[in-house]
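Fold and geometry: a report
Now for the letters of each chain:
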Amino acid sequence: MPESLTVTDNRTGRSYDLPIENGAVRATSFEQMHLEDDDHGLLVYDPAFLNTASCTSRITYIDGDRGILRYRGYPIEQLAESSTFLETAYLLIHGDLPNGAEAAAWEHDITIHTLVHENVKSFMDGFHHDAHPMGMLLSTVGALATFYPGATQIYDEEQRRISIYRLIAKMPTLAAFAYRHSRGLPYNYPDNDLSYPGNFLGMLFKMVEPRYEVVPEIEKALDVLFILHADHEQNCSTNAMRVVGSSHPDPYSATAAAIAALYGPLHGGANEAVIHMVERIGSVERIPEFITGVKSGKERLMGFGHRVYKNYDPRAKVIKRMADQVLAVTGTTPLLDVARELEKIALEDEYFVSRKLYPNVDFYSGFIYQALGLPVEMFPVLFAIPRTAGWLSQWEESLLDKEQKIARPRQVYLGEAARDYEPMDSRQVQRPKVLAG
Ligand code: SDX
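Residues numbered from 1 in each chain as written. Predicted model: local features only at pLDDT ≥ 70, side-chain atom pairs only at ≥ 80, totals over all residues. Heavy atoms only, no water.

**Remarks on the packing of helix H13 (residues 314-330) against helix H16 (residues 362-371)**
Across the interface, H13 lies against H16 with an axial gap of 9 Å and an inter-helix angle of 20 degrees. It follows that H13 is roughly parallel to H16 by the angle criterion. In the crossing of H13 with H16, the sense of the turn from one axis to the other is left-handed. When H13 is examined against H16, the residues Ile-319, Lys-320, Met-322, Ala-323, Val-326, Leu-327 and Thr-330 are found in contact with a partner set consisting of Tyr-364, Ser-365, Ile-368 and Ala-371. Here the residues of the contact of H13 with H16 sort into eight nonpolar, two polar and one charged. (Axes fitted to C-alpha atoms, helices over the stretch in contact; angles between N-to-C directions. Helix = DSSP H or I, 4+ residues; strand = E, 2+ residues; numbered from the N terminus. Parallel < 35°, antiparallel > 145°, perpendicular 65-115°, else oblique. Left-handed = near helix turned anticlockwise from the far one by under 90°. Contact = heavy atoms within 4.5 Å. Nonpolar A, V, L, I, M, F, W, Y, C, P; charged D, E, K, R; others polar.)

**Structural notes on the UniProt feature "active site" (unreviewed entry) in the chain**
Mapped onto this numbering, the UniProt entry gives "active site" (unreviewed entry) at His-306 and Asp-362. A maximum C-alpha distance of 10.5 Å places the annotated residues, which cover 57 residues in sequence, within one compact spot. When residues no more than four places from it in sequence are discounted, the contact partners of His-306 are His-232, Asp-313, Arg-315 and Asn-360. There is a polar contact of 2.9 Å between the side chain of His-306 and the backbone nitrogen of Val-308. Position of Asp-362 relative to the elements: it lies in helix H16. With near-sequence residues (within four places) excluded, Asp-362 lies in contact with His-267, Gly-268, Ala-270, Asn-271, Val-274, Gly-303 and Phe-383. (UniProt positions renumbered as here; feature names shortened; annotations may be inferred. Polar contact = N/O pair within 3.5 Å; in protein donor to acceptor, adjacent residues only side chain to side chain.)

**Considering the site of the ligand**
Lining the immediate surroundings of the ligand are 22 residues, of which His-232, Arg-300, Leu-301, His-306 and Arg-315 lie closest. Residue His-232 places a side-chain N or O atom 2.6 Å away from an oxygen atom belonging to the ligand. Contact distances for the ligand include 2.6 Å between an oxygen atom and a side-chain N or O atom of Arg-300. In terms of residue class, the shell around the ligand is made up of nine nonpolar, seven polar and six charged. (Near = heavy atom within 4 Å.)

**Overview of empty space enclosed by the protein**
On inspection of all chains with the given rule, the structure shows four cavities of 30 Å³ or more. Roughly 110 Å³ of volume is contained in the largest cavity. Of all the secondary structure elements, the ones that give two or more residues to the lining of the largest cavity are helix H3 (100-111), helix H6 (157-182) and helix H7 (196-205). By residue number, the principal contributor to the lining of the largest cavity is H3, which donates three residues. A class-by-class count of the residues in the lining of the largest cavity yields six nonpolar, five polar and two charged. (1 Å grid on protein atoms, 1.4 Å probe; cavity = no way out; pocket = protein on both sides within 12 Å on 5 of 7 lines; lining within 4 Å. Points joined across faces, edges and corners; volume = space filled by probe spheres on them.)

**Focus on the domain arrangement of the chain**
Taken domain by domain, the chain holds domain 1 (4-45) and domain 2 (57-403). Relative to domain 2, the C-alpha centre of domain 1 lies at a distance of 41 Å. (Domains from an automatic or database assignment.)

**Here's the deal with the environment of Leu-43**
Tracing the backbone through its elements, the reader meets Leu-43 in the loop between strand E2 (14-19) and strand E3 (60-63). Relative accessible area serves as the criterion here: at 35%, Leu-43 is assigned to the partly exposed category. Here the alpha-carbon distance between Leu-43 and Thr-28, two residues 15 residues apart in the chain, equals 8.0 Å. In this structure, Leu-43 is in contact with Arg-410, Gln-411 and Val-412, ignoring residues within four places of it in sequence. (Buried < 20%, exposed > 50% of the residue type's maximum accessible area, 1.4 Å probe, protein only.)

**Side note on the side chain of Asp-223**
Along the polypeptide, Asp-223 turns up in helix H8 (residues 216-228). This buried residue, Asp-223, is left without a salt bridge; Lys-220 holds the nearest opposite charge, at 5.2 Å. For Asp-223, the contacting residues outside a window of four places in its chain are Ser-83, Thr-84, Phe-85 and Pro-197. (Lys, Arg positive; Asp, Glu negative; His and termini not counted. Salt bridge = Lys/Arg side-chain N within 4 Å of Asp/Glu carboxyl O.)

**What about the sheet that holds strand E4 (residues 68-71)?**
Pairing is antiparallel across the open sheet formed by three strands, whose spatial order is E3-E4-E5. Sheet topology places E3 and strand E5 (74-75) at the edges, where each strand pairs with a single neighbour. In terms of strand pairing, E3 meets E4 through four bridges, oriented antiparallel. Across the sheet, residue Ile-62 finds its bridge partner in E4, namely Leu-69. (Pairing = 2+ DSSP bridges.)

**Describing helix H10 (residues 251-262)**
Over its twelve residues, H10 extends 16 Å from the first C-alpha to the last, a length consistent with the 16 Å expected when each residue adds 1.5 Å. Within H10, nine of the twelve residues are buried, which leaves the element mostly enclosed by the surrounding structure. In this fold, the buried residues of H10 make contact with helix H5 (133-144), H6, helix H9 (236-245) and helix H17 (379-399). The N-capping residue of H10, defined by a side-chain oxygen 2.9 Å from the backbone nitrogen of Tyr-252, is Asp-250. (Expected span 1.5 Å × (residues − 1).)

**Remarks on unusual backbone geometry**
One non-glycine residue, Phe-49, adopts positive backbone phi at about 55 degrees. With respect to the helices, strands and loops of the structure, Phe-49 is situated in the loop between E2 and E3. Non-glycine residue His-248 carries a positive phi angle of around 70 degrees.

**Some points on the pairing of E4**
The side chains of a regular strand alternate between both faces of the sheet. Of the two faces of E4, only the one carrying Leu-69 and Tyr-71 is buried; Ile-68 and Arg-70 on the other face are not. Here E4 hands over to E5 after two residues, with Arg-72 in that stretch at a positive phi of 50 degrees.

**Digging into the pattern of salt bridges**
Within the structure shown, the criterion is met by 19 salt bridges. Salt-bridge contacts for Glu-396 lead to Arg-160; the nearest nitrogen and oxygen are separated by 2.7 Å. Of the two residues, Glu-396 sits in helix H17 while Arg-160 sits in helix H6, which places them 236 residues apart along the sequence. Each member of the pair, Glu-396 as well as Arg-160, carries the same accessibility label: buried. Across the pair Arg-211 and Asp-193 runs a salt bridge, and its minimum N-O distance is 3.2 Å. With a gap of 18 residues between them, Arg-211 in the loop between H7 and H8 and Asp-193 in the loop between H6 and H7 connect regions that are remote in the sequence. Each of Glu-157, Arg-160, Arg-161 and Glu-396 takes part in one network of salt bridges that share partners.

Printed below as a string of C-alpha cells:
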C-alpha cells in the first residue's frame, strides 16, 4: 500500500501524488498545483494551526483521545510518582533519564546558578507595588540577556548549556523576588542546601528565622506539580519559543516571549482564572446559574477544555488526587468543594460532553497553590517555572533541526485590489472600516 495521497485539482483536471511521511503530507507539496503558470500554487489554510504540524519532535507525546502524556516515552503518571522535577528536566533536555553521576552534575550545575545579578533587584523595585508577577517575570527574564552577552552564541554548545542552567536555576529566584516585591518584603537569597522546590518555598516564605523549615508534603506536592507542568508538546507558549527562537535571538529573549504567551487566560493564565471563576460562583447553589451563562456564551468554564485532550487531561487526575493530600495538611477550602461539584455537574451535562470538554491541568492546580498561601496572580508564574525546562528542550531541538529555518507563514489575502492614491479634497465620505472578515 503506497504511503501517498493522490489529489486531483478539478480546476485543471491534473492529478498529483503526494508522499505521506509519519502521517503527514508536506504543505509545500501543494505549491506545484498551479491554475496559471505564474501563480504561487495552492496554499494550505489553517488558522490557529488546528491541524498543522509545525515541526517534528522527539520530546513529548500526547494522545488526546486516550488521555496519554509521555515525556521522552515515559508516562507522566510514572514520572509524577517516582521522579523529581530536576530529573525530569534532565530527561526533557537530554532525552534520557540521568545515571547517578549525571544527576549529581546536573543538580550541581543548576544549583550554582540560582543567584541573579544584584542589579535585577533594581528592576524589581521599579515595578508598581501591584504589578502582576507575570509582567515582572517576562520583563526581568528578557533583561537577563543583557547580563550574558555570550548567550547570543546559540550555536556554541557550551553557551547553550550555561544558558539552560541559568534559566532553569534563576526562574524560581525571579518568581520569588516578584512575590516578595508585591508584599513589600525583603528579597530572600537562594539556599543552595535545599531542593529545587524547597529553595523556591524558602525564597518565597522565609521571614526572620535563620533557615526556612521546609514541610516535606508541601515540597513534594510542588515538585510533582513542576513535573506535570514541565512540557506539553506544541502548546501556544512553546510555539512562541520556537517561532521567536527561529530568528536566532538569545534564549532569554525567546523565553520572555514564551512567558508572554503563557500569561494569557486561555493558556497558563487559566489557573488564576479558575479561582476567580469559582469565587464568582461562590456557592454550590449558584452553579446551575453559572452553567446557564456558559451555555449562552456569557461565561467560559475555565480549567475545562483543551485543543488536544478530548478526554480527561492525565495531569488533572494526578493534581486532583494531590489536592486532597495537600489540603489534608493545610486545611481544606470551601472553594474546592464548589469546584468539585462544578466538575461533577459539567461532566454529566450534554453541553460539555458533546464538546468533549474535560478538566485540564489548570482546573485544580490553583487550589493547591492557594493552600500553599500563594496569591492567585502568582499561579501562572508557578506554571512558567517548570515549563522553562520544556521550552528550552523544544528551543534546542528546533535550533538543531536541519529542516527548520526562520518561521514566516504565508497568508490568504482578502484585502483591496490595487488602487491609486486620491488627493484629500477628492475623497468621498469614508465607508465604515471592515476590520474582520
Ligand atoms: C493550557 O495547548 C496546551 O497544551 C496547553 C496546556 C499546556 O500544558 O501547555 O495544556 C495548558 O493552556 C490548558 C488550557 C487552559 N485554558 C483554559 O482552561 C481556558 C478555558 N478553555 C478554553 O478556552 C478552550 O477549551 C481552550 C482554549 C483550552 C481550547 O480551545 P479550542 O481548542 O480552540 O476550542 P474552541 O475554543 O474552538 O472550543 C470548541 C467548542 C466551542 O463551542 P462552539 O463554538 O463549537 O459551540 O467548545 C467550547 C467553545 O465555545 N468551549 C468551551 C470551553 N472550551 C471550549 N465552552 C465553555 N467552556 C470552555 N472552557
